[in-house]
Amino acid sequence: MQENQFKKWEDLDITDDFIFSRVMRNKKLCRTLLEMILKVKIGKIKFLTSHHAIRVEPNAKGIIMDVYLKDENRVINVEMQTSNQGDLARRARYYQAAADIDTTPKGSEYEDLKQNYVIFICTFDPFHKGKPFYTFQNLCLEHGEPIYLDDGTTKIFLNTNSKDLGNLDLELRLFYDYVKGNNAQSDFTQELDSSISRLKEEKEERKMYLTYTSRMMECRRDGYEEGLFTGREEGISIGLEQGLERGAYQKALETAKLLLNYGDSPEKVAICTNLPLDVVQGLL
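Please read all numbers here as calculations on a predicted model, not as lab measurements.

What follows concerns unusual backbone geometry. The backbone of lysine 39 shows a phi angle near 60 degrees, a positive value even though the residue is not glycine. Mapped onto the elements of the fold, lysine 39 is located in the loop between α2 (27–38) and β1 (46–47). For aspartate 150, which is not glycine, the phi torsion reads 55 degrees and is therefore positive. Judged by its relative accessible area of 68%, aspartate 150 is exposed.

Residues of the protein with pLDDT of at least 70 account for 82%, and the chain-wide mean is 84. A low-confidence stretch, residues 223–236 (pLDDT under 50), is modelled with 44 contacts involving residues beyond four sequence positions or located in other chains.

This paragraph deals with α2. For α2, built from 12 residues, the straight-helix expectation of 16 Å at 1.5 Å per residue is met to within 8% by its first-to-last C-alpha distance of 16 Å. N-cap assignment for α2: the residue whose side-chain oxygen lies 3.0 Å from the backbone N of lysine 28 is asparagine 26. Following α2 by one or two positions, lysine 39 has its phi on the positive side, about 60 degrees.

This brings us to the nonpolar core. In terms of nonpolar packing, the biggest core is built from 55 residues, with Ile119 and Phe175 touching the most fellow members. Ranked by residue count, the leading element in this core is α2, at seven residues. Apart from residues no more than four positions distant in its own chain, isoleucine 119 is found in contact with Leu34, Ile37, Leu38, Ile76, Asn77, Val78, Glu79, Ile156 and Leu158. Listed in part, the 16 residues of the second largest apolar core include Leu48, Leu88, Ala98 and Val118.

As a further point, take the pattern of salt bridges. Enumeration over the complete set of coordinates arrives at nine salt bridges. Between aspartate 13 and lysine 7 there is a salt bridge, with the nearest N and O atoms lying 3.8 Å from each other. Owing to a relative accessible area of 30%, aspartate 13 belongs among the partly exposed residues under this scheme. On the basis of relative accessible area, lysine 7 is assigned to the partly exposed category, the value being 32%. For lysine 180, the salt bridge is made with aspartate 177, and the minimal N-O distance between the two is 3.9 Å. Sharing partners across several salt bridges, the network here consists of Lys7, Asp13 and Asp16.

With that settled, the discussion passes to the environment of leucine 258. Following the sequence through the fold, leucine 258 ends up in helix α8 (residues 249–261). The class of leucine 258 is buried, set by a relative accessible area of 9%. For leucine 258 and lysine 207, which are 51 residues apart along the polypeptide, the C-alpha to C-alpha distance reads 9.1 Å. Apart from residues no more than four positions distant in its own chain, leucine 258 is found in contact with Glu204, Lys207, Met208 and Thr211.

Bringing the environment of asparagine 167 into the picture now. Assignment of secondary structure puts asparagine 167 in the loop between β8 (153–159) and α4 (170–179). By relative accessible area, asparagine 167 is classed as exposed at 74%. Each C-alpha atom of the pair asparagine 167 and proline 132 lies 8.7 Å from the other, and the pair is 35 residues apart in sequence.

Calculation criteria
- Residues numbered from 1 in each chain as written.
- Predicted model: local features only at pLDDT ≥ 70, side-chain atom pairs only at ≥ 80, totals over all residues.
- Heavy atoms only, no water.
- Helix = DSSP H or I, 4+ residues; strand = E, 2+ residues; numbered from the N terminus.
- Buried < 20%, exposed > 50% of the residue type's maximum accessible area, 1.4 Å probe, protein only.
- pLDDT = per-residue confidence, 0-100.
- Contact = heavy atoms within 4.5 Å.
- Expected span 1.5 Å × (residues − 1).
- Polar contact = N/O pair within 3.5 Å; in protein donor to acceptor, adjacent residues only side chain to side chain.
- Core = buried A, V, L, I, M, F, W, Y, C linked by side-chain atoms within 4.5 Å.
- Salt bridge = Lys/Arg side-chain N within 4 Å of Asp/Glu carboxyl O.

See below:
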């Protein structure tokens, strides 16, 4: 993606991860969407911060999640995905492993592991079968009748571009239509659309987005990977680290202050800006 492919603030919609992660901070909207997808009642939601950064250990691959939360029984990660890099299955595997480590305290028993869901809302068909919904769980291959491993992990991929929506509930079909750019037709999508409109009227949100895209453009101009814009995995950390080496320390401080003002954890801010954790904590 080249610089001129950054969307204008006015053109952002639910398919942009910046907007998606922001509106999903509304617990009512988030719960409604999850219950439509999972067909279970979601308990009291605790966000593990929007665009949550996880680094299992210093030398491990870092990840940044769009929507990352838990209730009493589950850990759930939801990602809005508009480009197919062919790596979604292995990304889902890594995200689940990282979330298990992130949410399981030292000294816990294996039976303490929560149900772990990774959900990708895709604007394309990740498996080229035309299905609107793909659910994966681990099962035994050597038995005629399925034997499920029952390890508590589920990977779900929504194909909002599917033409075969007959088996979906009406509410979910109307959500698919909304993701495809059609008008909001249900109470949920209308509330979602109103929430996005209110968000885009917030000057601070606009400033946050402009700062975000500006930093990513700097990274690109310095010749770093195209994937930096998405903010996923280690792109931000890599780009900002190089920026700091070029005397951009003050800009990193400004970005850190902005992220802290939006409630991001010092640990996440430290990873995103490549500032030392004690420096970020000092900004508080």
